[in-house]
Amino acid sequence: YMDISGKVDSRVELPKDGPIHDFAWAPDGKGFIVIYGYMPARATLFSSDCQPLFDFGTGSRNTISFSPHGRFVALCGFGNLAGHVEFWDKKQRVLLGEADMHCTTVFGWSPDSRYFLSATTFP
């Protein structure tokens, strides 16, 4: 991790061994989430200065998708995983709900951050 001025240069320490599956900055730039480790992978919310703020626990996930307004986040298991999705409120740090979206190939949030759509496309 390094800021644009070059004054902050630090390593983000991840407490679980294994690969990094995904990372994403919150739309407001005040933090980021990393999914990492061997399956079941762990997800952690970090502050913009790399301090861990919240642990989402472990699950079959490899994709992060922030809603456009940044309050909600979907932690997804797409691609080679079964399609389980967890919806979290980043502000309150609570799990809002879960869904299974098998074989998802495309997905996204509505512009008002209220809806999450997934689809399976061919070819």
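Details of the structure are given in the entry above.
Residues numbered from 1 in each chain as written. Predicted model: local features only at pLDDT ≥ 70, side-chain atom pairs only at ≥ 80, totals over all residues. Heavy atoms only, no water.

## Some thoughts on the environment of Gly57
- Position of Gly57 relative to the elements: it lies in strand β4 (residues 52–59).
- On a C-alpha basis, the gap between Gly57 and Lys30 in space is 21 Å, while along the polypeptide they are 27 residues apart.
- Here Gly57 is in contact with Ala41, Arg42 and Ala43, once residues within four sequence places are set aside. (Helix = DSSP H or I, 4+ residues; strand = E, 2+ residues; numbered from the N terminus. Contact = heavy atoms within 4.5 Å.)

## Topic: the packing of aromatic side chains
- Per the stated rule, a full pass over the model turns up ten aromatic pairs.
- Here the aromatic residues Phe78, Phe87, Phe107, Trp109 and Phe116 are joined through ring pairs into a cluster of three or more. (Phe/Tyr/Trp six-rings, centres within 6.5 Å; stacked < 30°, edge-to-face > 60°.)

## A look at the sheet that holds strand β5 (residues 63–66)
- The antiparallel open sheet is built from four strands, whose spatial order is β5-β6-β7-β8. Edge strands, defined here as strands with exactly one partner in the open sheet, are β5 and β8 (94–100). Strand-to-strand, the axes of this sheet are offset by a mean angle of 20 degrees, without reference to chain direction.
- Pairing of β5 with strand β6 (residues 72–76), which is carried by four bridges, proceeds in the antiparallel orientation. Residue Ser65 lies in a different strand from β6, and its bridge partner there is Ala74. (Pairing = 2+ DSSP bridges. Axes fitted to C-alpha atoms, helices over the stretch in contact; angles between N-to-C directions.)

## Let's talk about the sheet that holds strand β1 (residues 20–25)
- Spatial ordering of the open sheet is given by β1-β2-β3-β4, a layout of four strands whose pairing is antiparallel. Two strands bound the open sheet, and with one partner strand each, they are β1 and β4. Geometrically, the sheet is characterised by an average inter-axis angle of 15 degrees between neighbouring strands, direction not taken into account.
- The sheet contact formed by strand β3 (residues 41–47) and β4 spans six bridges and is antiparallel. Of the residues in β4, the one forming a bridge with Leu45 is Phe54.

## Brief notes about the side chain of Asn62
- Along the chain, the position of Asn62 falls in the loop between β4 and β5.
- For Asn62, a relative accessible area of 14% puts it in the buried group.
- A polar atom in the side chain of Asn62 sits 3.0 Å from the side chain of Thr63.
- At 3.4 Å, the side chain of Asn62 and the side chain of Asn80 are in polar contact. (Buried < 20%, exposed > 50% of the residue type's maximum accessible area, 1.4 Å probe, protein only. Polar contact = N/O pair within 3.5 Å; in protein donor to acceptor, adjacent residues only side chain to side chain.)

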